[in-house]
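Examining the three-dimensional arrangement
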Amino acid sequence: MKKLIYIFSIILISTIAGYSQQYNHYSFNKLYDFDVNTIYDIEQSKNGHMWIGTDEGLFHFNGVSFKHHNHPLYNSEYTNIKEDTAGGIWFTNFGGQLFRLINDSIEVVVKNEEDNDFIAVYYLSEFPNVFYSCNRNRIITKLQFETKEQTNIYTSQKTEIIAPQSEKDGKIHVFERRGNTLIQWLINLKTAQVDSLGSYELEDRVFGTVRMMYIDEKPTISVTYKKLNFITLTQSADTILTHPTSSYEFNTIQKINGDLFLLTKQSLILLDKNKPQKLLSNYSHSCLEKDNEGNLWIGTLKEGIMIVPNRNIQHREIADDDIYESVQDKNQNIYFNSSQGKFYKLEYPYRSEPKLLANNTPVASMLYDSIRNRIYIGTQSGFYDLKQKKYIQNETQRGRFKQSVFIDQNTVLSSTSVGCKLHNLSKRPYPVFDNLSSDNKKSWTEKNQINLRNKRALNVGISKERKYIYVDYIDGLHVYHNSDDELKVFHDKKPILTSALYPAENGTWVATKERKLLKIEFDSVVKSLDLPATVDGFDKWENYLFAFNNKAIYRINTDTESVETIDIHDGLQRDNINSLFIVNDTVYAVGAHKIQLFPCSVLTENRIKPSVELSKIQVFDKTQPLGKLNKLSHDQNNITFHFNAISFRSQKSLTYQYRLKEIQPSWTSTTSDAPQAQFSRLAPGEYTMEYRACNEDNYCSDPKSVSFRIKPAFYQTWWFIVLLIGSIVTVLLLFFRWFLHNERQKNAFTQNKKDLERKVYKARISAIRSQMNPHFMFNALNTIQEFIITNQQNIASEYLADFADLMRKYLEQSKNEKISLQDEIETLEIYLKLENLRFEESLEYSIYTDPQINPYESYIPVMLLQPFIENSIKHGLLHKSDNRKLSIRFENLDENRIKCIIEDNGIGRKASADINKSRFKHQSFATKALNERLSLLNNETSDQIELNITDLYEGDESGGTRVEIIFNKTINK
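Residues numbered from 1 in each chain as written. Predicted model: local features only at pLDDT ≥ 70, side-chain atom pairs only at ≥ 80, totals over all residues. Heavy atoms only, no water.

1. Considering a positive patch on the surface
Among the surface-exposed residues, Lys-622, Lys-628, Lys-631 and Lys-711 lie close enough to one another that they form a single positively charged patch. Checked against the element boundaries, Lys-631 lands in the loop between β62 (622–623) and β63 (639–646). (Patch = residues over 30% accessible without salt bridge, like charges linked within 9 Å, V, L, I, M, F, W, Y side chains within 5 Å. Areas by Shrake-Rupley, 256 points an atom, 1.4 Å probe, with all protein chains shown as cover. Salt bridge = Lys/Arg side-chain N within 4 Å of Asp/Glu carboxyl O. Lys, Arg positive; Asp, Glu negative; His and termini not counted. Charge placed at Lys NZ, Arg CZ, Asp CG, Glu CD. Helix = DSSP H or I, 4+ residues; strand = E, 2+ residues; numbered from the N terminus.)

Given below as structure tokens:
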């Protein structure tokens, strides 16, 4: 039945038997920061969005944000929300108006302005035809929405029409009330045909509120009676349910998935033929809505909206303060102590009020002894005796413990801060192990206890058949077998640090601090599973282990090794769970000040895929319409997509995934805290961005996509690029043409310059050469003159003949730049012969040519060697009176070069320089000419001529001079 908060109500007086549990729920207002607390109606539209009617207007919630709608001219208390086939949202107010909202615009469809009247029901199944009835006018009216034409299709002659809030197959059943008689009519909304279905009598009592709904597809009348304080449900005069209630003010009655709920100002009650159940208390309930994920939305008149994620997970309050620890006896009764030192008993099946057994008890760990029917408390102060039903001080020898377990009927294994102990509770010696050290045997006999190891112990456990004992010390897990000698257990060659132990066949289940679940048989790990978090304890049901921590419970299938998480998304409340028990296929989790319960087989996996959409698109922080994404300019390349998904079960724990297909093939994830995808500096082109949302159980919506195009700048278009390339090619061609022309001119200029320089060099060399030849001739004529004056005509005649031959060779060679080595040798022999005559045959000279040298094919510059030989004679040998020696050797230096060595045994360069210094004020002309000529020759060609002059010594005395000249072996003439 659709919801409506009725102005009047009655007090129903009765009691709901027992202390029933209530739905686990959370506050929608707190989770989503919704600050409106008076709720009249809740409706989910086809797109999954929620519409909330309040005393402050209509609110649209898209899963992330709210949008407020209000008509400024009329009452803003909105209720009766429905959606038509065109996506319009309809609602009424308490002022008598009917509204339609579409595209964020509100239209007043019906302007009924009669005082104290409002639209009680309206129907949209035949839209655009709308049918409605006001509270007072006893008429059902047909409104053609598009033309606004109105026609009355049914009018009652009596004072009251009872009509349902929703139609069925395009038809409605209408009841006229005439005293205690109900006359039934069937109205076909498609044809406007009205048929009578007869009448029946109600009990002759004073009526309170009469409402009509469909139950099991049958029209049903609910009646509250003012004086007798109960509610009845009647079908065709047959009472199908009568329900007494206690002191509750009636708001409405509503059906959800076959269940009938009574909503009062104090409670939400499930009306059951066998036994009613109070499911929620302390709220004034106004409306219910079940969304497409199965969440039950409960509107209240003072506390906003409460959401029940899973009706199978419930709780009940059992203590005023936090529960420290709890244990279970053999009859499944639960005993627990509170943080204030109170000790309680909660009898199975946990529906009665807990019994306070003792005050000021220690707040410590507990152990139940089924043999002695006692509960031991882990302190030095005592235990609670269940037989005597009292707390007994100072009669335990067990001492303070952290965790304890019975390994047989008389022996308790306990972990303490100083070690692990075995306690004998029988007060008579008996063998606990076959193999004990002598000290432990004595301690067991005299003190009824054994200290297995002096190391801080944390968790203790035993194998299912009580064969093996497991103790977790601060340095890792150890196992004992019929001996006080421990064996350390390893996993992946590392010690095992545990957070909880649970018995298994031939071993134990171990939860580690590294979030692993291990099955250990004796000292070997035989199975390993990953856990979502560290857990604090276990219980077992069939082939499932149920592990828990203070925030969640984990259902572990030990066969398939699958792990399911049961947490706030599934309806479990985060209440510091510290104990867990399984009784008769039901899980009971104790913590904080309550006990939570749910079936072991409860379905918690959220398989409903979220509904995802784009809430906003921004280009450089400026909102961009979706239709303009194909017209983005090149500088609009920073784009942000904002996501919005609906999955109320996830409670803001959604994951969004996106990818840009052209450049990002894999999915990128982001959370609900930053539900957006940002792309910066995108290159021009066409793109498709895919996105989806995944819930807490990793069920993802089908991918959606949005395409957009970034246009290139004018300089990135093909025509501009072609034009640019053409321009560049043209410029390059022009530049290349200019460059070639310039290079030709430059090469011509360079060649002309080189030719000119070469001519200058040749002119200067020729000038020097022309100067060197007369210089030698002057010296030779002086010698001939000397022979004539001294009356040595024969010598003068011979000298003059040789001199003539030499002059002839010089004249022939002066025409060329280079001469063959053979010509040079022949010229040097004539020259040396002339010089030897001057020295009166006292000059001993030699010319040697390496056989590897072909003197006829090797060419050298003219007059290259003669000046050096002249210097050796004039400056080195001239000043010696006898033993004058001069050697000239041509050696093959390598494949391309020849070395000429001119060596004399003269007085040396230093002695000659001293003599010349006293006789001449300048360097000899031949030496200057020689140096300048070598410089010019080296500048003229790349075939460099090397010159090295070395002074020779015999002991401390000068032994002559060596001149080495290196030149190319073959030089074309």
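2. Some words on the pattern of salt bridges
Counted by the stated rule, this structure contains 29 salt bridges. Of the charged contacts in the structure, one is a salt bridge between Lys-516 and Asp-530, with a shortest N-O distance of 2.5 Å. Taken together, the positions of Lys-516 in strand β52 (residues 516–521) and Asp-530 in strand β53 (residues 524–530) put the pair 14 residues apart, joining distant regions of the chain. Of the residues examined, Asp-530 reaches a relative accessible area of 52% and is grouped as exposed. Arg-897 serves as the salt-bridge partner of Glu-946, at 3.6 Å between the closest nitrogen and oxygen. Linking Glu-946 in strand β74 (residues 946–954) with Arg-897 in strand β73 (residues 897–904), this pair joins segments that are 49 residues apart in sequence. Using a relative accessible area of 29% as the deciding quantity, one classes Arg-897 as partly exposed. (Buried < 20%, exposed > 50% of the residue type's maximum accessible area, 1.4 Å probe, protein only.)

3. Remarks on empty space enclosed by the protein
For the structure shown, the criterion picks out 2 cavities of 30 Å³ or more. Approximately 40 Å³ is the volume found for the second largest cavity. The wall of the second largest cavity is formed by Tyr-810, Gln-813, Glu-824, Thr-827, Leu-828, Met-863 and Gln-866. Where the lining of the second largest cavity is concerned, the elements lending two or more residues are α4 (793–813) and α5 (821–838). (1 Å grid on protein atoms, 1.4 Å probe; cavity = no way out; pocket = protein on both sides within 12 Å on 5 of 7 lines; lining within 4 Å. Points joined across faces, edges and corners; volume = space filled by probe spheres on them.)

4. Thoughts on the pairing of strand β41 (residues 411–416)
Each regular strand displays side chains that alternate between the two surfaces of the sheet. Burial runs high along β41: 6 of the 6 residues are buried. Residue alternation in β41 divides its side chains into two sets, Thr-411, Leu-413 and Ser-415 and Val-412, Ser-414 and Thr-416, and both sets are buried. Bridge count for strand β40 (residues 403–406) against β41 is 4 bridges, and the pairing is antiparallel. Bridge pairing in β41 places Phe-406 opposite Val-412. Two successive antiparallel strands, β40 and β41, enclose a turn made up of 4 residues. In textbook terms, the turn of a hairpin is the stretch between consecutive antiparallel strands, and for β41 and strand β42 (residues 419–424) this stretch comprises 2 residues. (Pairing = 2+ DSSP bridges.)

5. A short note on the confidence of the model for the protein
In this model, the protein carries a mean pLDDT of 84, and residues with pLDDT of at least 70 account for 88%. Of all the helices and strands in the protein, strand β1 (residues 11–12) carries the lowest mean pLDDT, 32, while strand β5 (residues 50–54) carries the highest, 97. In this model residues 1–19 is a low-confidence stretch, pLDDT under 50, and it forms 83 contacts with partners more than four residues away in sequence or in other chains. (pLDDT = per-residue confidence, 0-100. Contact = heavy atoms within 4.5 Å.)

6. Section: the sheet that holds β73
In sheet architecture, strand pairing relies on hydrogen bonds along the backbone and comes in two forms, parallel and antiparallel. The strand order across the open sheet formed by 5 strands is β70-β72-β73-β75-β74, and the pairing between neighbours is mixed. A single partner strand is all that each edge strand has here, and the edge strands are β70 (843–849) and β74. Within this sheet the neighbouring strands show an average axis-to-axis angle of 15°, counted without direction. Most of the contacts of α5 go to β70, to which it runs at about 175°, and overall it touches β70, β72 (884–892) and β73. The sheet strands contacting helix α6 (residues 866–877) are β70, β72, β73, β74 and β75 (957–968), and the helix crosses β72 at an angle near 155°. (Axes fitted to C-alpha atoms, helices over the stretch in contact; angles between N-to-C directions.)

7. Observations concerning the state of the cysteines
Per the counting criterion, the structure on display carries 1 disulfide. What pairs with Cys-694 in a disulfide is Cys-700, and their sulfur atoms sit 1.9 Å apart. Handedness of the Cys-694-Cys-700 disulfide follows from its S-S torsion of about 100°: it is right-handed. Per residue, the accessibility class of Cys-694 equals that of Cys-700, and both read buried. (Disulfide = S-S within 2.5 Å.)

8. Observations concerning the side chain of Lys-809
Mapped onto the elements of the fold, Lys-809 is located in helix α4. A polar side-chain atom of Lys-809 sits 3.4 Å from a polar atom in the side chain of Glu-826. Ignoring any residue separated from it by four or fewer positions in sequence, one finds Lys-809 in contact with Glu-826, Thr-827 and Ile-830. (Polar contact = N/O pair within 3.5 Å; in protein donor to acceptor, adjacent residues only side chain to side chain.)

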